[in-house]
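Next come the chains, spelled out residue by residue.
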Amino acid sequence: MKRKSVELDEDRPWLDDPDYLAIVGEFLELPELKKLDMIEHHHISTRLQHCLRVSYQSYTLTKRWGWKSYETARAGLFHDLFYYDWRDTKFAKSHAYVHPRIAYRNAKKLTEISPLEKDIIIKHMWGATLAPPRYKESFVVTFVDDFISVREWRYSRRIKKQVRKHLRMDMRKVN
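Keep in mind it's a predicted model, so treat the numbers as computed, not measured.

**Quick word on the overall build of the chain**
At step 1: Scanning the chain from terminus to terminus reveals 7 helices and 2 strands.
At step 2: For the chain, the sequential pattern of α-helices and β-strands runs α-α-β-β-α-α-α-α-α.
At step 3: Out of the 175 residues belonging to the chain, those deemed buried represent 43%.
At step 4: Put simply, 62% of the contacts in the chain that link residues at least 6 apart link residues at least 24 apart.
At step 5: Surface summary for the chain: the accessible area is close to 10800 Å², and the carbon and sulfur share equals 55%.

Put into structure tokens, the structure is as follows:
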């Protein structure tokens with residue numbers, strides 16, 4: 001049976017979750033986070049959309065399991081809080097190593113960050129980096145980030161394929 005495709009932002013469940021918004025809502029009004037909505041991320045979404053997807057999915061899982069969902073929601077929102085285009089900006093160390101540390105530094109400018117939140121933000125690239133997460137909530141954000149990233153990439157490929165198909169059809173009409 002073929003699975004029905006779902007738009008990435010067909011619905012935004014975080015908007016209907018007052019408990020989640022009570023945790024992250026104040027940050028969504030900050031210019032530092034609004035700026036993320038102007039930066040492309042994974043070809044199909046903005047960095048803010050990606051961070052919200054990771055934050056909310058991680059929050060719902062940890063809340064369901066009775067884990068520290070408050071810190072998970074906040075750290076998930078901040079995990080990619082950087083403003084450069086990683087395809088253009090190069091550092092001595094890899095982007096996978098550098099951007100979590102920049103995100104952590106930027107998050108500290110906005111609010112106090114707990115040791116758990118620091119671990120989530122800095123170690124969310126585990127697998128591409130060597131230091132493993134210390135907390136179970138850090139593992140959740142790491143795996144949810146990977147899942148959401150793959151989902152965004154697959155969605156972008158599907159869109160590109162549809163565009164190419166329509167362009168070929170339009171070219172046939174011209175000829």
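**A word on the pattern of salt bridges**
At step 1: Per the counting criterion, the structure on display carries 5 salt bridges.
At step 2: The partner of glutamate 29 in a salt bridge is lysine 34, and the shortest N-O contact between them spans 3.8 Å.
At step 3: Glutamate 117 is paired through a salt bridge with arginine 74; the nearest N and O atoms lie 2.5 Å apart. Note that glutamate 117 is positioned in helix H6 (residues 115-122) and arginine 74 in helix H4 (residues 69-78), a separation of 43 residues in sequence.
At step 4: For glutamate 117, a relative accessible area of 2% gives the class buried.
At step 5: For arginine 74, a relative accessible area of 6% gives the class buried.

**Quick word on the nonpolar core**
The nonpolar side chains of a soluble globular protein tend to be buried, and buried together.
At step 1: In this structure, Tyr20, Leu33, Leu77 and Phe78 are the most contacted members of the largest nonpolar core, which totals 33 residues.
At step 2: Contributions of two or more residues to this core are made by helix H1 (18-28), helix H3 (47-64), H4, helix H5 (95-110), H6 and helix H7 (136-174).
At step 3: Non-local contacts of tyrosine 20, meaning those with residues more than four positions away in its chain, are made with Trp14, Leu52, Ser55, Tyr56, Tyr59 and Ala73.

**Some details on the packing of H1 against H3**
The geometry of a pair of packed helices is captured by two quantities: the angle between their axes and the separation between those axes.
At step 1: Interaxial distance between H1 and H3 falls to 11 Å at its minimum, and their mutual angle equals 155°. The angle between H1 and H3 falls in the class roughly antiparallel. Where H1 crosses over H3, the handedness of that crossing is right-handed. Seen from H1, the contacting residues are Asp19, Tyr20, Ile23, Val24 and Leu28; seen from H3, they are Leu48, Leu52, Ser55, Tyr56, Tyr59 and Lys63.
At step 2: The residue makeup of the contact of H1 with H3, split by class, is 8 nonpolar, 1 polar and 2 charged.

**A word on the confidence of the model for the chain**
At step 1: Mean pLDDT over the chain: 83, with 77% of residues reaching 70 or higher.
At step 2: When pLDDT is averaged over each helix and strand of the chain, the minimum, 67, is found for strand S1 (residues 40-41) and the maximum, 98, for H4.
At step 3: In the predicted structure, residues 1-6 sits below a pLDDT of 50 and forms 3 contacts with residues beyond four places in sequence or in another chain.

**A word on H3**
At step 1: With 18 residues, H3 should reach 26 Å at 1.5 Å per residue; the first-to-last C-alpha distance of 26 Å fits that figure.
At step 2: For H3, the buried fraction is high: 14 of the 18 residues fall into the buried class.
At step 3: Following H3 by one or two positions, glycine 66 adopts a phi angle in the positive range, close to 75°.

**Regarding H1**
At step 1: When H1 is considered as a whole, its buried residues turn out to be Tyr20, Ile23, Val24, Phe27 and Leu28. Down the axis of H1, the sector holding all buried residues measures 130°, keeping them to one side. Residues Pro18, Ala22 and Glu26 are exposed on H1 and point more than 90 degrees away from its buried face.
At step 2: N-capping of H1 is provided by aspartate 17, with a side-chain oxygen placed 3.2 Å from the backbone N of aspartate 19.

**Considerations on the environment of arginine 47**
At step 1: Among the secondary structure elements, arginine 47 is positioned in helix H3.
At step 2: The buried category is assigned to arginine 47, whose relative accessible area is 1%.
At step 3: Expressed as a C-alpha distance, the spacing of arginine 47 and leucine 36, which sit 11 residues apart in the sequence, is 5.2 Å.
At step 4: Side-chain polar atoms of arginine 47 contact the backbone oxygen of phenylalanine 82, separated by 2.5 Å.

Reading the values: the criteria
Residues numbered from 1 in each chain as written. Predicted model: local features only at pLDDT ≥ 70, side-chain atom pairs only at ≥ 80, totals over all residues. Heavy atoms only, no water. Helix = DSSP H or I, 4+ residues; strand = E, 2+ residues; numbered from the N terminus. Buried < 20%, exposed > 50% of the residue type's maximum accessible area, 1.4 Å probe, protein only. Contact = heavy atoms within 4.5 Å. Areas by Shrake-Rupley, 256 points an atom, 1.4 Å probe, with all protein chains shown as cover. Salt bridge = Lys/Arg side-chain N within 4 Å of Asp/Glu carboxyl O. Core = buried A, V, L, I, M, F, W, Y, C linked by side-chain atoms within 4.5 Å. Axes fitted to C-alpha atoms, helices over the stretch in contact; angles between N-to-C directions. Parallel < 35°, antiparallel > 145°, perpendicular 65-115°, else oblique. Left-handed = near helix turned anticlockwise from the far one by under 90°. Nonpolar A, V, L, I, M, F, W, Y, C, P; charged D, E, K, R; others polar. pLDDT = per-residue confidence, 0-100. Expected span 1.5 Å × (residues − 1). Arc of directions from axis to C-beta. Polar contact = N/O pair within 3.5 Å; in protein donor to acceptor, adjacent residues only side chain to side chain.

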